[in-house]
Structures are given as C-alpha cells and as structure tokens.
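Each chain, written out:
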Amino acid sequence: MVPESYYVALSAVLFSIGVVGVVIRRNPLVIFMSIELMLNAANLALVAFGQRFGNLDGQAVVFFVMAVAAAEVAVGLAIIVTIFRVRRRLSVDDLSVMRW
Amino acid sequence: MAYVSFFVIAAIAVGSALGLILRPNAIHGALFLVVNLGSVAALYLMLGAEFLAAAQVIVYAGAIMVLFVFAIMVLIPGKEEAGPDPRRGARLLALPVGGLLLLLLVFVVMGRWSGPSAPTGLSGSAGAVGRLLFTSYLFPFELTSVLLLAAMVGVLLLARRRA
C-alpha cells in the first residue's frame, strides 16, 4: 500500500503545473484547461486525505467539486465563445477591458 | 507492486500535465488533459475510491472534455499562439514562481504529516458514497441540481445569437 503522502505530493506537483500553465499561456481555452488540472489536483488531495483519516467526507466533497466544475466549464466556454464572436481573436492579452 | 504502478501512473500524470501546458496546439493540450484525467482516475482506484474513479471518467473525461474539444474545434481551426510574445519576460518569471509554490505546498503539507497511516480499508463504493450523499450531504446535493439548472439557463442566454 502506497502511503497517502505520496498522493498528496503528486497533487502538489500537478497543482503547481496548473498554476504555471495559467500564467504562461495566452490562449484562454488552454488557461481554462489548466484550471481544470488544478481542480483535479485538489480532488486528488481530498481523496488522499480522506483515506488517511478514514472517513468518506472527502469523497463527498470531491463529488460536489466535479458538479461545480461541470457547471463552471459550461458557463466559461459560453463566455469565451461570446468573446470570440465579438473580437474574432482569442488571446488573453487583448482582454483588458470589461466592456467594449 | 503497488509502488511500481503508483510511480508509473504518477509519471504519466505529470508528463501529460506538462504536455498540456507546453504544447502550442490547443487540441493536443485537450488530448493530454484526457490522459491526465484518466491517470488520476486510476489513482482514485488505487486509493479505493471506485465511485469517484467512474465519475471521473464519465464526467470529466467524457462530458467536460467533449465540451472543450467542441469549443476548440469551433474557435481555433489550426494553430494558435504564433508570433512573438509581447510579455515574454513576465511569463518567464512563472517558472521560478511555480517552483516556489511547489516547495511551499510540499513544506506546508508534508511538514504536518505526523504518525503512520491508519490502515482503515475505507470503501469508496457507490453504495457507501451514495449513502453519505443522501444523509449528511442531502441539502448540498439538492443545491447541486439548482446550480446545474442555473448554469444551463446561463449558457443558453450567453450563447444565443444577438444576445
């Protein structure tokens, strides 16, 4: 049985990769996918901690995180599609005002 | 044996995450993310969370990634992120910052790790998680349905033509 700390360490690595991805990329879709990567890393840590302390509450929270992530992806992609329709370009550096 | 499979799956997960953030093509990134989500599902199985492993494959790798791939197909035909980066210097700073964040996370989380692991043999089967969701977490569970409905209506409103 692999100790749970290994899973938490892996989740820290994945989370950091997600943070770097959010900062270095210019495409909002890739930034969005990096955010999904971070959510997944947090989920992995939740499951590992739940296993470590012997209760199922962590897994219930992961279930809710998945539901919220599904809703968030749908709304976020709709916003990106709407921005693309108005601007015809897709780079986060162009998006510096709230309305145009 | 468990160690070998853990390290193999962990290497796949880290490699695909790096592929996601380093490949210039967004569709490659989406496929890398699918691999990453699948390997995390395998890790859930190793942790005994069978229900979450199935939900991960169905919800994330299935539904969410299909949405992403659709959006990429609609928005970006071919390559993107060509041309020089106007903020290259600032973006290069991301690497040391990410490394520092990793160190911080490892120190904070691992520093508090005391005592041996309790071998509980916790079962994350659909029955056990479902019982918990429909007793202690009944109210948040019902709120989830409202959230999904609100998201659906919001997406319809946003994506409507001539909104």
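Residues numbered from 1 in each chain as written. Chains lettered and ligands numbered in written order. Predicted model: local features only at pLDDT ≥ 70, side-chain atom pairs only at ≥ 80, totals over all residues.

Explain the overall build of chain B here, please?
The secondary structure content of chain B amounts to 7 helices and 0 strands. Each helix (α) and strand (β) of chain B, taken in turn from the N terminus, gives the series α-α-α-α-α-α-α. Burial analysis of chain B (163 residues in total) assigns 23% to the buried set. In chain B, once contacts between residues fewer than 6 apart in sequence are set aside, the share between residues at least 24 apart is 52%. (Helix = DSSP H or I, 4+ residues; strand = E, 2+ residues; numbered from the N terminus. Buried ≥ 20, exposed ≤ 12 C-beta atoms within 10 Å, placed from the backbone. Contact = placed C-beta atoms within 7 Å.)

How should the overall build of chain A be read in this particular structure?
Summing up its helical and strand segments, chain A has 3 helices and 0 strands in all. Reading chain A from its N end, one meets helices and strands in the order α-α-α. Relative to its length of 100 residues, chain A is extended, with a C-alpha radius of gyration of 17 Å against a globular reference of 13 Å. By its C-alpha atoms, chain A is 55 × 25 × 20 Å across when sized along the principal axes. Expressed as a percentage of its 100 residues, the buried residues of chain A come to 54%. Counting only contacts in chain A whose residues sit at least 6 apart along the sequence, the fraction spanning at least 24 positions is 47%. (Rg over C-alpha atoms; globule rule 2.2 N^0.38 Å.)

What's the story with the interface of chain B and chain A in this structure? I'm lost.
A common way to express how large an interface is: the accessible area buried when the components associate. Between chain B and chain A, the contact holds 72 residues from the first and 61 residues from the second. In terms of residue class, the side of chain B that touches chain A is built from 59 nonpolar, 9 polar and 4 charged. (Nonpolar A, V, L, I, M, F, W, Y, C, P; charged D, E, K, R; others polar.)

Looking at this model, I keep getting lost on the confidence of the model for chain B. Mind explaining?
Interpretation of the predicted coordinates at a detailed level should be avoided for regions scoring low in pLDDT. Mean pLDDT over chain B works out to 85, with 86% of the residues at or above the 70 mark. Here the predicted complex scores 0.89 on pTM and 0.89 on ipTM. (pLDDT = per-residue confidence, 0-100.)

Got a minute to help me understand the domain arrangement of chain B in this structure?
Taken domain by domain, chain B holds domain 1 (1–78) and domain 2 (131–163). Computed from C-alpha coordinates alone, the two centres of domain 1 of chain B and domain 2 of chain B are separated by 24 Å. (Domains from an automatic or database assignment.)

Mind showing me how you'd approach the environment of V30(A) here?
With respect to the secondary-structure elements, V30(A) resides in helix α2 (residues 28–53). Linking V30(A) and L90(A), residues 60 residues apart in sequence, is a C-alpha distance of 11 Å. If sequence neighbours within four positions are ignored, V30(A) has contacts with G21(A), R25(A), A26(B) and G29(B).

Help me out: how do you make sense of the nonpolar core in this one?
Side chains of nonpolar character tend, in soluble globular proteins, to be buried together. Of all hydrophobic cores here, the largest spans 64 residues; its most connected members are L29(A), M33(A), L44(A), V47(A) and Y44(B). At the level of secondary structure, the elements contributing two or more residues to this core comprise α1 (4–24), α2 and α3 (57–87) of chain A together with α1 (2–22), α2 (26–46), α3 (50–75) and α6 (126–133) of chain B. Contacts of Y44(B), omitting those with residues within four sequence positions, involve V47(A), A49(B), L52(B), A53(B) and Q56(B). (Core = buried A, V, L, I, M, F, W, Y, C linked by C-beta atoms within 7 Å.)

Where do I start with the packing of α1(A) against α1(B) in this structure?
When two helices pack together, their arrangement is given by the angle between the helix axes and by the axis-to-axis distance. At their nearest, the axes of α1(A) and α1(B) sit 9 Å apart, and the two run at 10° to each other. It follows that α1(A) is roughly parallel to α1(B) by the angle criterion. Contacts between α1(A) and α1(B) involve Y6(A), L10(A), V13(A), L14(A), I17(A), V20(A), G21(A) and I24(A) from the first element and F6(B), A10(B), A13(B), V14(B), A17(B), L18(B), L20(B) and I21(B) from the second. Residue composition of the contact of α1(A) with α1(B), grouped by class: 15 nonpolar, 1 polar and no charged. (Axes fitted to C-alpha atoms, helices over the stretch in contact; angles between N-to-C directions. Parallel < 35°, antiparallel > 145°, perpendicular 65-115°, else oblique.)

Sorry, what's going on with the packing of α3(A) against α6(B) here?
Relative to each other, α3(A) and α6(B) sit at 80°, their axes nearing to 10 Å. Judged on the interaxial angle alone, α6(B) and α3(A) are roughly perpendicular. Here Q59(A), A60(A) and F63(A) of α3(A) come into contact with α6(B), specifically with V129(B), L132(B) and L133(B). In terms of residue class, the contact of α3(A) with α6(B) is made up of 5 nonpolar, 1 polar and no charged.

Teacher, can you tell me more about the environment of G89(B) here?
For G89(B), the position within the fold is in helix α4 (residues 88–92). A C-alpha to C-alpha distance of 31 Å links G89(B) and V35(B), two positions 54 residues apart in sequence.

Help me understand α3(A) in this model?
Given 3.6 residues per turn, any residue in an α-helix points the same way as the ones three and four places further on. Here α3(A) contains 31 residues, and its C-alpha end-to-end distance of 44 Å stays within 8% of the 45 Å for a straight helix at 1.5 Å per residue. Downstream of α3(A) by a residue or two, R88(A) has a phi angle that is positive, lying close to 60°. (Expected span 1.5 Å × (residues − 1).)

What is the right way to look at the environment of I12(B) in this model?
All names here are of chain B. For I12, the position within the fold is in helix α1. The class for I12 is partly exposed, based on 16 C-beta atoms found within 10 Å. Sequence spacing of I12 and F141 is 129 residues, and the spatial spacing of their C-alpha atoms is 33 Å. If we skip the residues at most four places from it in the chain, I12 touches V35 and S39.

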